Amino acid sequence: MYGFGEASRLHIPVLLAEILEYVQPFPGMRCLDATLGLGGHAEGVMRKAKAAGAHDVRLLGLDRDSQALALAAGRLAPFGDAVRASHRAFSDCAGAVAELGWPGLDFILADIGVSSLQLDAPERGFSFREDGPLDMRMDAGHGKNAAALVNEAPVQALRDIIREYGEEPQAGRIARAIEDARARGRIETTRALAAVVERAYPAKWRAASRNHPATRTFQALRMAVNRELDELKEFLRAAPDLLNPGGRVAVISFHSLEDRMVKHFFRDEATGCRCPRHVPRCVCGRAARLKVLTKKPTGPSEAERAANPRARSAKLRVAERIGHA
Ligand SMILES: C[S@@+](CC[C@H](N)C(=O)[O-])C[C@H]1O[C@@H](n2cnc3c(N)ncnc32)[C@H](O)[C@@H]1O
């Protein structure tokens, strides 16, 4: 367990300067940080608002990790009532905003994925760097954990999860190795699973791999346990309706499947009429709702990559609400 000071010292928000370029504070601005984590981005937004002299700027932070919320509360305490936090999944962001009675939002941020707090705590079971229970739930204690998935899912389902979410070429071998191992006894710890995966990996691949052979499998299981792609899909679907005209939504992703989902969603929402060319007048009635502000995703600078290796795969995409709310 971290103390608050230690957590905020260890924690470096990813792409902070790049995000803040898209934040243009004005009085009464309403912001949502859908992944509050340790409050690093939220603090940056509120500081920028304060420095710009914009009064009555408010921010709602969501996280499904109550440990993160408790730590963020300490960091964000200097902003008093201007910052609220709620323990819930970001797929329910519309519900959270409605509860506050806010008519709309001017800035939404989602920095999706796992936090350093989660990765670095062996008892949360996200990493095999140290041994811990095979858990991986962001909302600790709620829903099925990774041990249930690894020990009880049909081998086909495991293979598909590892192949799709982990983009792991050896998914079939790994799933079969898990099946063999669990026939001898339940796999209960992160190190035990990592050892099974390592043994399943062909020696030639093991030698050529930059990362530990279990890295992709752990990522895949984490995404499945936390329904990460479903969460993102529901969040994206809700975001345009929540934004005021001119409001912006910024998403940082760390996985190619997630970045692709954001890219396609933004592109789709930036496309108006879908009628075939030969139709003289629009009959579909579709109007574009978003304008894409990042033609290509923004990644970390060389300096950030060097200072924070976890930022390396980060991709930021931003879009702006157009039209009338
Ligand atoms: C990368 S961290 C965010 C760090 C944060 N931007 C900061 O500056 O401290 C991601 C956070 O999102 C949370 N999270 C991930 N998926 C979520 C979801 N579907 N709903 C709510 N919170 C989620 C995780 O629990 C984690 O705390």
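In this text the structure is predicted, and so the values were computed from the model without any measurement.

Participant: What am I meant to see in the packing of helix α5 (residues 93–100) against helix α13 (residues 228–242) here?
Facilitator: Between two packed helices, both the angle of their axes relative to each other and the distance between the axes serve to describe the pair. Between α5 and α13, whose axes approach to 9 Å, the crossing angle comes to 35°. On α13, the residues that touch C93, A94 and V97 of α5 are F235, A238 and L242. Residue classes in the contact of α5 with α13 are distributed as six nonpolar, no polar and no charged.

Participant: Looking at this model, I keep getting lost on the site of the ligand. Mind explaining?
Facilitator: In the region of the ligand, 21 residues are neighbours, and T35, G37, G40, D65 and E231 sit closest. In terms of residue class, the shell around the ligand is made up of eight nonpolar, eight polar and five charged.

Participant: What is the right way to read the environment of C93 from this model?
Facilitator: Topologically, C93 is positioned in helix α5. In sequence terms C93 and P25 are 68 residues apart; their C-alpha atoms lie 21 Å from each other. In this view, C93 contacts L32, A34, L62, F235, A238 and L242; residues no more than four positions away in its chain are not counted.

Participant: Before we go on, may I ask you to explain the packing of helix α8 (residues 155–166) against helix α9 (residues 171–184) in this structure?
Facilitator: Running from N to C, α8 and α9 point in directions that differ by 140°, and their axes come no closer than 8 Å. Put simply, α8 runs oblique to α9. As α8 packs across α9, the resulting crossing turns out to be right-handed. Facing α8, whose interface residues are V155, L158, R159, I162, R163 and G166, α9 presents A171, G172, I174, A175, R176, I178 and E179. Tallied by class, the residues present in the contact of α8 with α9 amount to seven nonpolar, two polar and four charged.

Participant: Would you mind showing me how to read helix α4 (residues 66–76) here?
Facilitator: What sets the pattern is the α-helix's 3.6 residues per turn: residues three or four places apart point alike. What α4 keeps buried is the set A68, L69, L71, A72, R75 and L76. Across the axial projection of α4, the buried residues extend over an arc of 165°, all falling on one side.

Participant: Just to check I follow, could you spell out the environment of R248 for this structure?
Facilitator: Looking at where R248 falls in the secondary structure, it is placed in strand β5 (residues 243–253). Separated by 75 residues in the primary sequence, R248 and R173 place their C-alpha atoms 44 Å from one another. Once you skip the residues sitting within four places of it in the chain, R248 turns out to touch Y22, F107, V318, A319 and E320.

Reading the values: the criteria
- Residues numbered from 1 in each chain as written.
- Predicted model: local features only at pLDDT ≥ 70, side-chain atom pairs only at ≥ 80, totals over all residues.
- Axes fitted to C-alpha atoms, helices over the stretch in contact; angles between N-to-C directions.
- Helix = DSSP H or I, 4+ residues; strand = E, 2+ residues; numbered from the N terminus.
- Contact = placed C-beta atoms within 7 Å.
- Nonpolar A, V, L, I, M, F, W, Y, C, P; charged D, E, K, R; others polar.
- Near = placed C-beta within 6 Å.
- Parallel < 35°, antiparallel > 145°, perpendicular 65-115°, else oblique.
- Left-handed = near helix turned anticlockwise from the far one by under 90°.
- Buried ≥ 20, exposed ≤ 12 C-beta atoms within 10 Å, placed from the backbone.
- Arc of directions from axis to C-beta.

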